[in-house]
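# Coordinate inspection notes
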Amino acid sequence: MAQATDPGKVLDRPNGNGGEENGLARYEISFGQADTRWAEMLARNAERLLKGSYSFHWLKTDPPNFGRRAKPSSRGLTYTDINNVRPYGEVPEHVDWKSFAPRGALRDPYRAEMPIIEDYTVLDSCEVWADNVITLYEEAKARQWNATRDIPWEELKPLPDDLEKATCQLCTFLTEVEFVAGDFPAKWMYRIPQDFLEVKSFLSTQIMDEARHQEVFRKRAIAGGGLMHSAPGFEWALKAILDAPTHTMGTFLLNLLGEGLVLSIFRSGEMIAKTHVDKEIFRRCMQDEARHVSYGVMQFKYYLDNNHDREGALEQLHRFADIGERVILTAFTEPALVEPVAILLGGGLDKIDNGMEGMAHLWRMFIDEYLQRCARAGFERRERCKLPLDFPWRQG
Ligand SMILES: [Fe+2]
Ligand SMILES: [Fe+2]
């Protein structure tokens, strides 16, 4: 223990575990500071046990949250079904419980003794809630698939060199994108307290979806020849998503804008995918991506509809979108994305110019869908949009 109270000394240990030792020392100090509380809880429990008596306090159900039974619906027993039982479905506008105590459990009598998890920082429902989040969670569970078994990998045939390389390059880009698409919800999921448990559940499915997407594109690239080039233009765009100052802003940039673009690419899967194996990959990813985009739109709408200063919130979001759109534009100028997609759309390296015509069509579809999504969320962006309505790199 003497060593543990002197972290600086611990750092000098020659065994190479200085970082771990230092962390352990801080953990021991922290435990020691809360020692009185631990000792009190242990003492009163041990005393009761020694006397051979029982508490039975947990049998009391006042206020009466106990006794009304949740009934399953046609799908089984969903979160919506249990939320129909009062008070379990009462999601607070602002959370003041920063512990693990379940929403609806008897927790007030213990408030003074509860630990406070300071990392739970997302305390307003408007920052994370969406009216479709429970439905999307159910759908996500029902539609999970397995990138090892559900793709007919054994039927993957080699493509001509130009198309194979273009496919592998696109998959490399997608592997990069899917990685941050998992890291962003993971970063915020940890900061969401117990009272928004449905959102946490949904985000865990998004993390699983994105893990499967990066898996399937990595596998597709390596099964077809190999991973190809990463690109700074992608990397800075992806970092901008991770660095977004709030969950709603990041969700706008990732789910609504970024994944909206990815969804447009997947929707063009019939033209971009050159084998039935690739079409199947795109089809399955598209279903997952549609859920994430749908959450993004409805979360954004919920934020605006429930914000006490809607005008102020709109202006902040416009300022954020001014940057977000430029971020996406930067990523979309990267030749490591534009050129392989154009080659795939055109049908070969020698038809890249035709492919650029296809890119112009894809871009218009993306912008149109993006602006519609913004409008559906109550965010009229058409006048202020920093993205060109027409594909900016069209030849001639
Ligand atoms: Fe994804
Ligand atoms: Fe996604």
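Residues numbered from 1 in each chain as written. Chains lettered and ligands numbered in written order. Predicted model: local features only at pLDDT ≥ 70, side-chain atom pairs only at ≥ 80, totals over all residues.

On to the overall build of the chain. From N to C terminus, the chain includes 14 helices and zero strands. Over its C-alpha atoms, taken along the principal directions, the chain stretches across nearly 85 × 60 × 45 Å. Across the 396 residues of the chain, 33% fall into the buried class. In the chain, 74% of the contacts between residues at least 6 apart in sequence involve partners at least 24 apart. (Helix = DSSP H or I, 4+ residues; strand = E, 2+ residues; numbered from the N terminus. Buried ≥ 20, exposed ≤ 12 C-beta atoms within 10 Å, placed from the backbone. Contact = placed C-beta atoms within 7 Å.)

What follows is about the packing of helix H6 (residues 161-189) against helix H13 (residues 335-346). Following both chains from N to C, one finds H6 and H13 inclined at 135°, their axes separated by 9 Å at the closest point. In terms of their interaxial angle, H6 and H13 are classed as oblique. Handedness of the H6/H13 crossing: left-handed. Contact with H6, carried on its side by Asp162, Leu163, Ala166, Thr167, Gln169, Leu170 and Phe173, involves Ala336, Leu337, Pro340, Val341, Ile343 and Leu344 of H13 and no other residues of that element. (Axes fitted to C-alpha atoms, helices over the stretch in contact; angles between N-to-C directions. Parallel < 35°, antiparallel > 145°, perpendicular 65-115°, else oblique. Left-handed = near helix turned anticlockwise from the far one by under 90°.)

Further remarks concern the environment of Ala244. For Ala244, the position within the fold is in the loop between helix H8 (232-242) and helix H9 (247-267). The exposure class assigned to Ala244 is buried, which follows from the 21 C-beta atoms found within 10 Å. A sequence separation of 107 residues divides Ala244 from Tyr137, and the C-alpha atoms of the two residues are 24 Å apart.

This paragraph deals with the packing of H6 against helix H7 (residues 197-224). Two elements in contact, H6 and H7, have axes whose closest approach is 8 Å; the angle formed by their N-to-C orientations is 160°. Between H6 and H7, the crossing angle belongs to the class labelled roughly antiparallel. By crossing handedness, the relation of H6 to H7 is classed as left-handed. The residue inventory of the contact of H6 with H7, partitioned by class, reads 13 nonpolar, nine polar and six charged. (Nonpolar A, V, L, I, M, F, W, Y, C, P; charged D, E, K, R; others polar.)

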